[in-house]
Amino acid sequence: MKVAAIQMVSGHDIAVNLAEAARLLKEAAERGAKVAVLPENFAILATNQMQACGEQEAGDSPVVRHFLAEQARTLGLWIVGGSMPMARRPEGSVISGRVRACCLVYDDQGHEVARYDKIHLFDAMVEDAHGQYRESNAFEPGDQVVTIDTPAGRLGMAICYDLRFPELFRALREQGADWICLPSAFTWQTGDAHWHALIRARAIENQVWMVAPGQGGQNSDRRRTYGHSLVCDPWGKVVVEIDEGPGVALADLNLDHLKQVRTRMPVWEHRRL
């Protein structure tokens, strides 16, 4: 079953970003994808606009949620909506002064079928023009592990900085994940150092497919993202990858191959808890 990892170079203009996302989703569908995964912050990559965007998405006239539903329905495509700000928690309460980084999944009829709120927030010093990142100033962390059945198998959901916390991926495998999405916006410096190593490690140790779309290019004067959107198989082999710039990385998530890897090396049964 073909899955697309969509790479973008999003900026501050939501309309421009959504038009680019629509173009790339259409390309993915035309190339045979049944599921497409957008990158983190695909609709807006501007910290100072997150609260306003999140409040709009939590209201009665959401722009980005409507876009995702319409694209899924029009293209007949399951869409994993990268991440977007949301000012309401899953149970409906309003967040004061912050938002959540929220990944929504839409089926091919345009119905919202899952929501994952990013658990681990990127508070770190990076040697780039931005210097310091403190997601916790603008975002509230989620606290739920989420998996859902899709046409490509059972999907486990994670976002960007979650990649550095293997216990989350263990929990996703415990819930039956065949593949795990990782919509991201890795900085160029951290991506160059750790992106491939961490994705391959999560795939190998949990014996899952990894689908990792990212932001990839110069998003603003102070932010350059690493890109290298890729699909990695459960043996740790990168089967398709994009360097920088917008594009679609398409791969067949072969569940027979997944079963063979797990059968030949049954590490899950060998664990000592």
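Up top you'll find the structure we're talking about.
Residues numbered from 1 in each chain as written. Predicted model: local features only at pLDDT ≥ 70, side-chain atom pairs only at ≥ 80, totals over all residues. Heavy atoms only, no water.

**Considerations on the side chain of Asn41**
As a reminder, the rule being used: For the purposes of this entry, the term helix denotes a DSSP run of H or I that reaches at least four residues, the term strand denotes a run of E that reaches at least two, and both are numbered from the N terminus. In what follows, a contact means two residues having at least one pair of non-hydrogen atoms within 4.5 Å.
As for its position among the elements, Asn41 is in the loop between β2 (35-37) and α2 (50-57). The residues touching Asn41, leaving out its near neighbours within four places in the chain, are Ser10, Met50, Ser83 and Gln215.

**Let's talk about the sheet that holds strand β10 (residues 153-157)**
Keep this limit in mind: Note on pairing: two strands pair once DSSP finds at least 2 bridges between them. Inter-axis angles, ranging from 0 to 180 degrees, are taken between N-to-C directions of lines fitted to C-alpha atoms, where helices are fitted over the stretch in contact.
Judged by pairing direction, the sheet is mixed, and its six strands sit side by side in the order β9-β10-β11-β12-β13-β14 without closing on themselves. Edge positions in the sheet fall to β9 (147-150) and β14 (238-241), since each has one partner strand and no second. The mean angle between the axes of side-by-side strands here comes to 20°, regardless of whether they run parallel or antiparallel. With three bridges joining them, strand β11 (residues 179-181) and strand β12 (residues 209-212) adopt parallel strand pairing. Among the inter-strand pairings, Ile180 is bridged to a residue of β12, identified as Met210. On the sheet, helix α5 (residues 188-206) packs against β12, β13 (230-232) and β14 and is oriented at approximately 35° with respect to β13.

**Section: the packing of helix α4 (residues 166-174) against α5**
Stated precisely, the cut-off is as follows: By definition in this entry, angles of less than 35 degrees are roughly parallel, angles greater than 145 are roughly antiparallel, angles of 65 to 115 are roughly perpendicular, and the rest are oblique. The handedness criterion is simple: a crossing whose near helix is rotated anticlockwise from the far helix by less than a right angle is left-handed, and one whose near helix is rotated clockwise is right-handed. Under the grouping applied here, Gly and all other residues not named as nonpolar or charged are polar, the nonpolar ones being Ala, Val, Leu, Ile, Met, Phe, Trp, Tyr, Cys and Pro and the charged ones Asp, Glu, Lys and Arg.
Closest axis-to-axis distance for the α4/α5 pair is 10 Å, and the angle between their directions is 40°. As far as their axial angle goes, α5 and α4 are oblique. Here α4 runs over α5; the crossing is right-handed. Contacts from Pro166, Phe169, Arg170 and Arg173 in α4 reach Arg202, Glu205 and Asn206 in α5. Across the contact of α4 with α5, the residue classes break down as two nonpolar, one polar and four charged.

**Digging into the pairing of strand β15 (residues 247-252)**
Test applied: Remark: exposure states derive from per-residue accessible area (1.4 Å probe, protein chains only) relative to the maximum for the residue type, with buried under 20%, exposed over 50%, and partly exposed in between.
Of all six residues in β15, five are buried; the element is thus mostly enclosed. Strand direction decides the pairing type here: strand β1 (residues 2-7) and β15, joined by six bridges, are antiparallel. Within β15, the residue paired with Ile6 across the bridge is Val248.

**Some words on the nonpolar core**
Defined as follows: Among the buried residues, those of types Ala, Val, Leu, Ile, Met, Phe, Trp, Tyr and Cys that are joined through side-chain atoms within 4.5 Å form a nonpolar core.
The biggest cluster of nonpolar side chains holds 46 residues, and the ones touching the most others in it are Met157, Trp179, Leu182, Ile199 and Met210. In this structure, Ala4, Ile44, Val64 and Met84 belong to the second largest nonpolar core, which totals 39 residues.

**Observations regarding unusual backbone geometry**
Here Cys160, not a glycine, exhibits a phi torsion of approximately 45°, which is positive. Classification of Cys160 by relative accessible area gives buried; the value is 8%. With phi around 50°, Gln207 is a residue other than glycine that occupies positive phi space. Along the polypeptide, Gln207 turns up in the loop between α5 and β12.

**What to know about the pattern of salt bridges**
The condition is simple: In the sections that follow, a salt bridge refers to a side-chain nitrogen of Lys or Arg positioned within 4 Å of a carboxyl oxygen of Asp or Glu.
Using the criterion set out here, one finds 16 salt bridges in the structure. For Glu20, the salt bridge identified is with Arg23, shortest N-O distance 3.0 Å. Of this pair, Glu20 and Arg23 both sit in helix α1 (residues 14-30), three residues apart, which is roughly one turn of the helix. With relative accessibility at 43%, the residue Arg23 sits in the partly exposed group. The partner of Arg89 in a salt bridge is Glu140, with the nearest N and O atoms 2.9 Å apart. Placement of Arg89 in the loop between β4 (84-86) and β5 (100-106) and of Glu140 in the loop between β8 (132-134) and β9 is noted, with a sequence separation of 51 residues between them. Owing to a relative accessible area of 12%, Glu140 belongs among the buried residues under this scheme. Connected through salt bridges with shared partners, the residues Arg89, Arg100, Arg115, Asp117 and Glu140 form a single ionic network.

The quantities given are spatial measurements derived from coordinates; they are silent on function.
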